[in-house]
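So you can see what is in the structure, the chains are spelled out below.
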Amino acid sequence: MTQLAETLFSNTPPIAWPQLLTLQSTEIKHVTYCQGQFNISAQELPTNSSNNSSHYYLTLIAPSITSDALLNLLSALSQLQLSMQDSGDIILYPPANYALNNNALTDTQRAAPANQGDIIVLGFTTLSDELQLQFKDTLASWRNDYHVDYALSQTLPSLKQPGVVLMDMDSTTIQIECIDEIAKLAGVGEQVAAVTASAMNGELDFSESLRSRVATLTNCPEGVLTQVADAMPLMPGLELLIATLHQANWKVAIASGGFTYFAKRLQDDLGFDAVYANELEIVDGILTGQIIGDIVDAQVKADTLQALAQEYQIAPQQTVAIGDGANDLIMLKSAALGVAIHAKPIVQQQAQVALNHHDLEGLVGLLQAARCLDASWS
């Protein structure tokens, strides 16, 4: 085993550390960090599986991760381990890149920093509940200082195997709440927006609040829905995400507490494999203020994820959900990887992963992280 001081790495971006380490050693099987020292070994790790229940993986994603940022984090986490009398090494896996836009996905010859972000995965053999909490406090502060998003998980879904992503629609696949936009055009915008905000924060029963909001749209012409659908702003990274998933033979679907009128438009335009949402009753081109059938609520979303996994024979560790509101929490918790995006405070507190510095390209980065576990340093 070779030991190297962290000062050797201080002026080299982590994405270039494999080249730096290759100069130091002819054969590298794994790299660990402990209290200011990097340990370079030619011995294989005991296990290298993303499904090992005794392992934890910390995935870091950002357009660029600097050596200063990573060394700062490694030192802080190592100190926490020492304070808890846990002398276990932090495992470093070879870094990788992920696409930040469609050009980076389709043009393999381009490697401009503007088109690619950095992925770094750190491994831990065990983490006590108390140490996990301390890690998360440190990570929350570090993330904001360096504008990096992270995921601390026991599984890394892999694009090498079939999988499914189930997405919320409003404020997740698109940047608006459709019902609020309809209400603006119908002259009841402020009234409806206030109820929507309360519902998304978990302050109101979702189904009751939805029915009350839809009731205010009575006698609204269907043409208003068309206006909103024609102007839906997609969440940045959505088309990249769908293309990435379909290239890997994954399924991607919408489960929304919003409306089929908009979900089906997105399906037609972008190729979602399935959409589930609420159907507004429209008679003679006019909204009646009613919803047809049962409401797609929080439990229905979670059940939909499980049903899709069963339908497509997807392994439990290959299920991913993403959303922003309180009615997404059950769905996020039922997935192997539950991701909150620009989420409400209650969701950020409870979700496994929170994307704050990314849009949907961040999920592309998270889904590419499993590649690091299979990569070679040499």
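Since the structure is predicted, the reported quantities are computational estimates derived from the model, not experimental observations.

Novice: Can you lay out the overall build of the chain for me, pointing to particular residues and giving the numbers?
Specialist: Summing up its helical and strand segments, the chain has 15 helices and 15 strands in all. Its C-alpha atoms give the chain principal-axis dimensions of about 75 × 45 × 35 Å. Counting every position in the chain, which comprises 378 residues, the buried fraction comes to 54%. Considering only intrachain contacts with a sequence separation of at least 6, the fraction spanning at least 24 residues in the chain is 70%. Roughly 15900 Å² of accessible area belongs to the chain as shown, and the carbon and sulfur atoms make up 47% of that amount. Each charge class in the chain was averaged separately, 15 positive and 40 negative side chains, and the resulting centres sit 3 Å apart.

Novice: An account of helix α5 (residues 178-186) is requested, with residue identities and associated values reported.
Specialist: Inspection of α5 places Cys178, Ile179, Asp180, Ile182 and Ala183 among the buried residues, and these make up the whole buried set. The secondary structure elements touched by the buried residues of α5 are α6 (189-200), α7 (206-215), α8 (223-230), β10 (251-259) and α10 (260-270). Of the residues flanking the end of α5, it is glycine 187, one or two places downstream, whose phi is positive at about 85°.

Novice: An account of the pairing of β10 is requested, with residue identities and associated values reported.
Specialist: Along any regular strand the residues' side chains alternate between the sheet's two faces. For β10, the buried fraction is high: eight of the nine residues fall into the buried class. Looking at chain direction, strand β9 (residues 164-167) and β10 are connected through four bridges and run parallel. Across the sheet, valine 164 pairs through a bridge with lysine 251, a residue of β10. In this structure, β10 lies alongside strand β11 (residues 274-283), joined through four bridges in parallel fashion. Within the sheet, the bridge partner assigned to isoleucine 254 lies in β11 and is valine 275.

Novice: Got a sec to walk through the packing of α5 against α6? Specific residues and values, please.
Specialist: At their nearest, the axes of α5 and α6 sit 7 Å apart, and the two run at 165° to each other. Classified by the interaxial angle, the pair formed by α5 and α6 is roughly antiparallel. Two packed elements cross with a definite hand, and for α5 against α6 that hand is right-handed. Counting all contacts with α5, which are made through Ile179, Asp180, Ala183 and Lys184, the residues of α6 involved are Gly189, Val192, Ala193 and Thr196. Residues belonging to the contact of α5 with α6 are distributed by class as follows: four nonpolar, two polar and two charged.

Conventions we followed
- Residues numbered from 1 in each chain as written.
- Predicted model: local features only at pLDDT ≥ 70, side-chain atom pairs only at ≥ 80, totals over all residues.
- Heavy atoms only, no water.
- Helix = DSSP H or I, 4+ residues; strand = E, 2+ residues; numbered from the N terminus.
- Buried < 20%, exposed > 50% of the residue type's maximum accessible area, 1.4 Å probe, protein only.
- Contact = heavy atoms within 4.5 Å.
- Areas by Shrake-Rupley, 256 points an atom, 1.4 Å probe, with all protein chains shown as cover.
- Lys, Arg positive; Asp, Glu negative; His and termini not counted.
- Charge placed at Lys NZ, Arg CZ, Asp CG, Glu CD.
- Pairing = 2+ DSSP bridges.
- Axes fitted to C-alpha atoms, helices over the stretch in contact; angles between N-to-C directions.
- Parallel < 35°, antiparallel > 145°, perpendicular 65-115°, else oblique.
- Left-handed = near helix turned anticlockwise from the far one by under 90°.
- Nonpolar A, V, L, I, M, F, W, Y, C, P; charged D, E, K, R; others polar.

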